[in-house]
Amino acid sequence: MNKLILVIDDEAEIRSLLSRFLGRKGFSVLVAGTLKEGRKLYNDSKPELVFLDVNLPDGNGLNELKHINSSKFHSKIIMMSAFDHNEVKMEAIQYGASDFLSKPFNIARLDQVVQTQLTNTSNI
């Protein structure tokens, strides 16, 4: 079975880039442009990996990270932000993020993060 990845980001270009890249790697990908839509997809599909933007139009991704980590099903979460602040990165890791990507990110780094996070997982 293909591993399922959820991308929650308000930037259509980021959603498209991640969806195409991950799809070519053989993953099933769901995308959402808001926290509300992302939360519904997360609850309905239980993805193994989530790419979650910090700043979304309807809320803060760090708060959603806390919500996801308090649920019964635990996905690995990669936080993303165009704002490269160490405080945000440290807060994301403190709240349980598996990794942090600064936007724009390069494909080699993206590939490395995905391979690292999906090695030896057993959620799905």
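Parameters at a glance
Residues numbered from 1 in each chain as written. Predicted model: local features only at pLDDT ≥ 70, side-chain atom pairs only at ≥ 80, totals over all residues. Heavy atoms only, no water. Phe/Tyr/Trp six-rings, centres within 6.5 Å; stacked < 30°, edge-to-face > 60°. Lys NZ or Arg CZ within 6 Å of the ring centre and 35° of its normal. Salt bridge = Lys/Arg side-chain N within 4 Å of Asp/Glu carboxyl O. Helix = DSSP H or I, 4+ residues; strand = E, 2+ residues; numbered from the N terminus. Buried < 20%, exposed > 50% of the residue type's maximum accessible area, 1.4 Å probe, protein only. Pairing = 2+ DSSP bridges. Right-handed = clockwise from strand over helix to strand, strands pointing away. Core = buried A, V, L, I, M, F, W, Y, C linked by side-chain atoms within 4.5 Å. Contact = heavy atoms within 4.5 Å. Axes fitted to C-alpha atoms, helices over the stretch in contact; angles between N-to-C directions. Parallel < 35°, antiparallel > 145°, perpendicular 65-115°, else oblique. Left-handed = near helix turned anticlockwise from the far one by under 90°. Nonpolar A, V, L, I, M, F, W, Y, C, P; charged D, E, K, R; others polar.

Moving on, we get to the packing of aromatic side chains. For the structure on display, the rule yields 0 aromatic pairs. One residue, K66, lies across the ring of Y95, its end atom 4.3 Å from the ring centre.

Before going further, it helps to examine the pattern of salt bridges. Two side chains of opposite charge can pair, provided their charged atoms sit close to one another. Enumeration over the complete set of coordinates arrives at 8 salt bridges. Across the pair E11 and K103 runs a salt bridge, and its minimum N-O distance is 3.0 Å. Here K103 lies in the loop between strand 7 (99–102) and helix 5 (107–117) and E11 lies in the loop between strand 1 (4–8) and helix 1 (12–24), a separation of 92 residues in the sequence. Judged by its relative accessible area of 31%, E11 falls in the partly exposed class. Shared partners join several salt bridges into a network, and the residues in it are D9, E11, D53 and K103.

Another point: the pairing of strand 2 (residues 28–32). Pairing geometry for strand 1 and strand 2, over 5 bridges, is parallel. Looking at the pairing, L4 lines up with S28 of strand 2. Each parallel crossover has a hand, and for strand 1 linked through helix 1 to strand 2 it is right-handed.

Of all hydrophobic cores here, the largest spans 19 residues; its most connected members are I8, V50, L52, L62, L65, I77 and M79. Only strand 1, helix 2 (35–45), strand 3 (49–53), helix 3 (61–69), strand 6 (76–81) and helix 4 (86–94) provide two or more residues apiece to this core. Take this core: its biggest share by element is 3 residues, from helix 3. Apart from residues lying up to four places away in sequence, L52 is in contact with I8, L35, G61, E64, L65, I77, I78, M79 and M80. Of all hydrophobic cores here, the second largest spans 17 residues; its members include V7, F21, F27 and V114.

Before going further, it helps to spend a moment on the packing of helix 1 against helix 5. Where helix 1 meets helix 5, the axes come as close as 12 Å, and the angle between the chain directions of the two elements is 60°. As summarised for this structure, helix 1 and helix 5 are arranged oblique, according to the angle between their axes. You can see that helix 1 and helix 5 cross each other, and the crossing is right-handed. Residues L17, L18, F21 and L22 of helix 1 pack against I107, L110, D111 and V114 of helix 5. Here the residues of the contact of helix 1 with helix 5 are counted per class, giving 7 nonpolar, no polar and 1 charged.

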